[in-house]
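Single-letter residue listing:
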Amino acid sequence: MSHLSERPEKPVVGISMPHESAGLHVTGAALYTDDLVHRTKDVLHAYPVQVMKAHGRITALRTEPALAVPGVVRVLTGADVPGVNDAGMKHDEPLFPDTVMFHGHAVAWVLGETLEAARLGAAAVEVELDEEPSVITLREAIETESFHGARPLMVTGDVDAGFADSAHVFTGEFQFSDQEHFYLETHAALALVDENGQMFVQSSTQHPSETQEIVAHVLGLHSHEVTVQCLRMGGGFGGKEMQPQGFAAVAALGARLTGRPVRVRLNRTQDLTMSGKRHGFHATWKIGFDTEGRIQALDATLTADGGWSLDLSEPVVARALCHIDNTYWIPNARVAGRIAKTNKVSNTAFRGFGGPQGMLVIEDVMGRCAPLLGLDPMELRERNFYRQGHSTPYGQPVPHPERISVIWQQVQEDAAIAERKREIAAFNASHPDTKRALALTGIKFGISFNLTAFNQAGALVLVYKDGSVLINHGGTEMGQGLHTKMLQVAATTLGIPMHKVRLAPTRTDKVPNTSATAASAGADLNGAAVKNACEQIRERLLQVAGTQLGTNASDVRIVEGVARAFGSDKELAWDDLVRTAYFQRVQLSAAGFYRTEGLHWDAKAFHGSPFKYFSYGAAATEVEVDGFTGAYRIRRVDIVHDVGDSLSPMIDIGQVEGGFVQGAGWLTLEDMRWDSGDGPNRGRLLTQAASTYKLPSFSEMPEEFNVRLLENATEEGAVYGSKAVGEPPLMLAFSVREALRQAAAEFGPAGISVELASPATPEAVYWAIEGVREAGARYGGHASDAGGVPADASALSNV
């Protein structure tokens, strides 16, 4: 076992413990960025001037009326920017635009003594616009060829030969929805200039180093003149990886120009109308199977709705291509990706980062094709699993593919699937208007940033004379439990109890050049960096302990806060050891660093090994569907998920549960709507609040929810043998959608391929059921005899 993976005697990692801020969360004592306003004097409040048109060039911007509003101090415009007027890394996102690119685009910001004064001032600003044609929907973008950014192409094997060798070839089309992050804490920033003229920004950001970089280039400063701190976030899910930078820059610019602290905090409607979402996708595909139902070839084109600027759309599409295989070996594949440019908010990172979109395509294909092949969907999926020696379409060997089958079997046993399928069949036979179904789906998700350079992390660990320890690392806490895990890693490495360790807020002046807390890599990267820093200090302390105990340093172990030597009764308490080291002038601090080894990626050739490892999992979901309304309930969910040797089991199980629920929301409830008509509100987001945008609630929770972590799953080469947990569980929710598809199919004869919209709202399920009934009537109740023609033959055809 590698040094990084090996666990010492009596480790603190692996012990279930609550989130380090759980008590603060539930009592309301936890501080978030906007809470700091009440602790800061003379704060100005910023309010955006939004233009409610989808596209047009600004011909006049009159700010004088705003300055006449009592309490308004200043109006920020592009003319005020001393540096670069851009809030993005691609230099395609003007902070103060001269062209409105989406409905609700902010073109100026008003600073007021109160939020109400700023709001009234923003309403008084006069903007004249020369409206231009807009592209709102993905289909419009495809038809008008409105694209931007890279167009990756992933090719493996001989696709044409693969189709020639296929006994069954199907084609289809699939479009599925975007998703709002709906973090509880909206975007927020508080900026002030300190006594040394340094810009200090408190930001709700997953990427403090990039926030620092953008603020610096907007203000025309160097990075060492800007410090960014993130206390914690009330949720992020990827929505605070790139998008906080502009809001932080507005606050910093206001502080720079007025000399007073400036607060930016979006209300919910502003957040929904101004910030990016998960990318909606459109897919066209052609797939070939042999006589046994094994995939021979796949040809697909994935189009992502990027919105008005690139943001992270290019790596999102790249990850979608890298995950279209999911758990299935595809020997011959040609998959193209492209980014639609639309007049909507700039879509961005969201838990899974394109992986869910790519995986959803292949799972939809499998679910639609199984009846046409005369196979149970579970059987079709299992026949196509990766086996030993297989590689992905982009050339990376798949390690531990046996875990896919092991997990699959464990879920079947835990969920008693064979027995419950018989019960479901009996129920369906006696209930003509209500049907149940049970679906099982698996996941394989790659862990690491697509861009190799991002796979690095730093940490700063300080041990004080009294034996207390303070750790700093580059990761940010958004409720996912990263800080809890880092405390456990530090305590384990140093061999001391958890209460000896405290964690400082994430700051750019403690750990520089950090990567975003994203890609599920927060614990992997920062944990290894914290471990590295602690090991440096521990090695120095072992030398001191060896001298004090009269033995070699190599024979000393520090366990539970006591240094002991092999074969001796002598011991030295941690506090005494640290104090002794101090008087011997031994360094008691260390900067740790980690870089993920073994990664290589050629983005142009779309080939290499971009991931350190894969996380695996499977979920079985049972649903019950009402044939009159399409309404449904989730009766039971059983999950087995691979997190290696868990650093913190309670945290990880919570992440699996939360990820699953968020994925189920995306796939079944969260129906984001935009006005695509030709009226005055074209481009307006219609689902601007929780009243119109349906989020998962208690009523959507599974009646029975069982989660188990895969045992004996040490991951070689990862910190203490653990695996990432943040993103992969979201895709376990494919089982909900597939169960709904199978339940809809029960309303007609066997062999019908069910087309199901995504999100599969009750309305969508109802129309899927109606399609099944119509197909059954069309073919006299013998759809399978008709070659399994689907309800919508134009959407899926047997070529």
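Because the structure is predicted, anything quoted here is derived from the model rather than measured.

Caption draft 1: Spotlight on the sheet that holds strand β18 (residues 469-473). If you walk across this open sheet you meet the four strands as β19-β18-β17-β24, and the pairing is mixed. Edge positions in the sheet fall to β19 (501-503) and β24 (589-595), since each of these pairs with one other strand and no more. Within this sheet the neighbouring strands show an average axis-to-axis angle of 25 degrees, counted without direction. Bridge count for β18 against β19 is three bridges, and the pairing is parallel. Each residue of the ladder has a partner; that of I471, found in β19, is L503. Together, β17 (456-463), β18 and β24 form the strand contacts of helix α15 (residues 522-549), whose direction differs from that of β24 by roughly 140 degrees.

Caption draft 2: Highlighting the pattern of salt bridges. In this structure the tally under the stated criterion is 54 salt bridges. Across the pair R673 and D671 runs a salt bridge whose closest N-O atoms are separated by 2.7 Å. Because the salt bridges share partners, they merge into one network encompassing E363, D364, R368, R381, R737, E738 and R741.

Caption draft 3: Representation of helix α19 (residues 762-778) in the model. Relative to the 24 Å expected for 17 residues at 1.5 Å per residue, α19 spans 24 Å between its end C-alpha atoms, a close match to the ideal helical length. Taken as a whole, α19 has its buried residues at A764, V765, A768, I769, E770, G771, V772, A775 and G776.

Caption draft 4: Region of the structure containing helix α3 (residues 115-124). Of all the residues in α3, the buried ones are A117, A118, G121 and A122. Along the axis of α3, the buried positions cluster into a sector of 135 degrees, meaning they face one direction only. In this fold, the buried residues of α3 make contact with β1 (44-51), α2 (64-67), β3 (72-76) and β5 (105-112).

Caption draft 5: Quick look at the confidence of the model for the chain. With 97% of its residues at a pLDDT of 70 or more, the chain has an overall mean of 96. Here residues 784-795 is modelled with pLDDT under 50, and outside its nearest four sequence neighbours on either side it reaches 25 contacts, counting other chains as well.

Caption draft 6: Here's a closer look at the sheet that holds strand β9 (residues 188-193). Strand order across the open sheet formed by eight strands is β3-β5-β1-β12-β9-β10-β11-β20, with mixed pairing between neighbours. Only two strands of the sheet have a single partner each, and these edge strands are β3 and β20 (506-507). The pairing of strand β10 (residues 199-203) with strand β11 (residues 226-230) spans four bridges and is parallel. Bridge pairing in β11 links M199 to V226.

Caption draft 7: Representation of the pairing of strand β15 (residues 333-341) in the model. Direction of pairing for strand β7 (residues 153-156) relative to β15: antiparallel, over a ladder of four bridges. Its bridge partner lying in β15, L153 is registered against A336. One ladder, built from nine bridges, connects strand β14 (residues 295-307) with β15; its direction is parallel. The partner of A304 across the bridge, within β15, is I339. Of the crossover connections in this fold, the one passing from β14 over helix α9 (residues 313-322) to the parallel β15 is right-handed.

Caption draft 8: Geometry of unusual backbone geometry. Of note, the amide linkage connecting S758 to P759 takes the cis form, showing an omega dihedral of 15 degrees. Considering the arrangement of structural elements, one finds P759 in the loop between α18 (734-745) and α19. A positive phi angle, near 60 degrees, is found at F237, a position not held by glycine. When you line up the elements, F237 lands in the loop between β11 and α7 (244-258). In the Ramachandran plot, Y720 falls in the positive-phi region, its phi being about 50 degrees despite a non-glycine side chain. One can find Y720 in the loop between β29 (704-709) and α18. For Y720, a relative accessible area of 2% corresponds to the buried category.

Caption draft 9: Examining the environment of R682 more closely. In this structure, R682 sits in the loop between α17 (649-668) and β29. Given a relative accessible area of 14%, R682 falls into the buried group. Measuring from C-alpha to C-alpha, the distance between R682 and S134 comes to 8.4 Å, with 548 residues separating the pair along the chain. Beyond its immediate stretch of four places on either side in the chain, R682 contacts A54, H103, S134, V135, I136, E140, D675, S676 and G677. Within polar-contact distance, the side chain of R682 engages the backbone oxygen of G677 at 3.3 Å.

Criteria and thresholds
- For every chain, the first residue of its written sequence is number 1, and the numbers climb from 1 along that sequence.
- Where totals are concerned, whole chains, interfaces and linings use all residues; where local detail is concerned, this predicted model gives features only for residues with pLDDT of at least 70, and gives and counts side-chain atom pairs only at 80 or more.
- Processing note: side-chain calculations cover all non-hydrogen atoms of the structure and skip hydrogens and water entirely.
- Strands are labelled as partners when DSSP assigns at least two bridges between them.
- For the purposes of this entry, the term helix denotes a DSSP run of H or I that reaches at least four residues, the term strand denotes a run of E that reaches at least two, and both are numbered from the N terminus.
- Axis lines are fitted through C-alpha atoms, for helices just across the contact stretch, and the angle between N-to-C directions can take any value from 0 to 180 degrees.
- Whether two residues are in contact is decided by their heavy atoms, any of which lying within 4.5 Å being enough.
- Here, a salt bridge means any Lys or Arg side-chain nitrogen found within 4 Å of an Asp or Glu carboxyl oxygen.
- Every helix has an expected span of 1.5 Å times one less than the residues it contains.
- Exposure categories follow from relative accessible area, calculated using a 1.4 Å probe and restricted to protein chains: below 20% of the type maximum is buried, above 50% is exposed, and the middle band is partly exposed.
- It is the directions from the helix axis to the C-beta atoms whose arc is reported.
- A score between 0 and 100, pLDDT records how confident the predictor is in each residue.
- Seen with its strands pointing away from the viewer, a crossover is right-handed if its path from the first strand over the helix to the second goes clockwise.
- In the analysis that follows, any N or O atom pair within 3.5 Å is treated as a polar contact, provided that within protein one partner can donate a hydrogen and the other can accept it, and provided that, for residues neighboring in sequence, both atoms belong to side chains.

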